[in-house]
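Chain and residue survey
So you can see what is in the structure, the chains are spelled out below.
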Amino acid sequence: MKLTGQAATAYFRKPDPTHTGLLIFGADPMRVAAKRQEAIAALVGPQGEEEMRLTRINAADLRKDPALLDDAIKAQGFFPGHRVAFVEDATDGLSKLLDAALGDWQAGDAQIVVTAGQLAAKSALRKVFEGHGNAVAIGIYDDPPSIADIEQTLGQAGITRPERDVMDMLMSLAGSLEPGDFRQTVDKISLYKRGDETALTVADVMACAPQSADVDVDDVLDVVTQGQADQLGPTLRNLYAQGVTPVTLCIGAMRHFRRLHVVASDPGGPGAGVGRLRPPVFGPRRDKIARQAGHWGRARLERALTALTDVDLQLRSASTAPQSALMERTLIRLAMMARR
């Protein structure tokens, strides 16, 4: 069984203890680990690991000794309560072993929780869990946290739901920070407000938030492809402050626009074109690429690639022109092109 969206979010908060197994997979190990911790804590409780009701098994160890999982599933502990056998960093190579474990599972056995990296739709491991009638598979993508997710994080830190302007700022922070960094920021806010009965304010959040959230090349390209030329300057300054060079940014931009061109040139349209990309893309990123390619169209993307090729040649030449200025001027032209 496959869960997505709000159903997946609700399941992490309250997983079904009668289910045989749970597979959590995704490209971001931190996000996967956070959801795994939430699910296991809900299943075994805060004392589960101390009471030896949680057994951790590394995938590499399981390949060497396949009996480890069966022993963990069938073993009876000294303490009453729900038990979990957790397999970390699984791959398709363990699909047959896990399929057999799910098939042999009986009521009263330890529930199987498995984490994995990014898995394609045809992944054997995904098929094992998605095709099982009493198991669940959930993919974790780079979606920004929802209001419900942020409210849950605030509640866990003992902070009541703040006013609208404060919530908007927290939403912005949650979208720009990694999940672990955002959680640390909320914990810091909780300590900052300890003993203070007044409502949380924007100033309180600013006092605890990181001074500057990291940006990457993809953030700059999102600004460009959406035609947000007014946001380009600050985003570029943050990127360059992290040590990214104009040449690196140009290479990333050319790679991204070539990919959009491939998608836009497909006879079946952007929806079909994005499915033929190699390496494949999944989740919200797949939808974003298809949407960008459809908006730009093949002709404009070819003009964009021409502009990027020209600036690439300038950056690699003996020209004494400031490289950052050359790159910024080209990106502004592209952002303006996106508005037409």
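Read on for a plain summary of the structure. Note that the coordinates shown come from a computational prediction; the quantities given were computed from them, not determined experimentally.

Here we come to the packing of helix H11 (residues 217-225) against helix H13 (residues 246-265). Helix packing for two helices is described by the angle between their axes and how far apart those axes are. The interhelical angle for the contact between H11 and H13, taken along N-to-C directions, is 55 degrees, at an axis separation of 10 Å. One finds that H11 runs oblique with respect to H13. For the pair H11 and H13, the sense of crossing is right-handed. Contacts from Val217, Val220, Leu221, Val224 and Thr225 in H11 reach Leu249, Gly252, Ala253, His256, Phe257 and Leu260 in H13. Looking at the contact of H11 with H13 residue by residue, the class counts come to eight nonpolar, three polar and no charged.

This brings us to the packing of aromatic side chains. Counted according to the given criterion, the structure contains one aromatic pair. Measuring from centroid to centroid gives 5.2 Å for phenylalanine 257 and tryptophan 296, while their planes differ by 80 degrees, and the two rings are edge-to-face. Taken as a pair, phenylalanine 257 in helix H13 and tryptophan 296 in helix H15 (residues 283-315) lie far apart in primary sequence, 39 residues in all. With relative accessibility at 0%, the residue phenylalanine 257 sits in the buried group. Directly above the ring of tryptophan 296 sits arginine 300, whose terminal nitrogen or CZ lies 5.6 Å from the centroid.

The phi torsion at methionine 52 lies on the positive side, around 60 degrees, for a residue other than glycine. By secondary structure assignment, the location of methionine 52 is in the loop between helix H2 (29-44) and strand E3 (54-58). A positive phi angle, close to 60 degrees, is found at aspartate 89, a residue other than glycine. Residue placement: aspartate 89 occurs in strand E4 (residues 84-90).

Cut-offs used in this document
Residues numbered from 1 in each chain as written. Predicted model: local features only at pLDDT ≥ 70, side-chain atom pairs only at ≥ 80, totals over all residues. Heavy atoms only, no water. Axes fitted to C-alpha atoms, helices over the stretch in contact; angles between N-to-C directions. Helix = DSSP H or I, 4+ residues; strand = E, 2+ residues; numbered from the N terminus. Parallel < 35°, antiparallel > 145°, perpendicular 65-115°, else oblique. Left-handed = near helix turned anticlockwise from the far one by under 90°. Contact = heavy atoms within 4.5 Å. Nonpolar A, V, L, I, M, F, W, Y, C, P; charged D, E, K, R; others polar. Phe/Tyr/Trp six-rings, centres within 6.5 Å; stacked < 30°, edge-to-face > 60°. Buried < 20%, exposed > 50% of the residue type's maximum accessible area, 1.4 Å probe, protein only. Lys NZ or Arg CZ within 6 Å of the ring centre and 35° of its normal.

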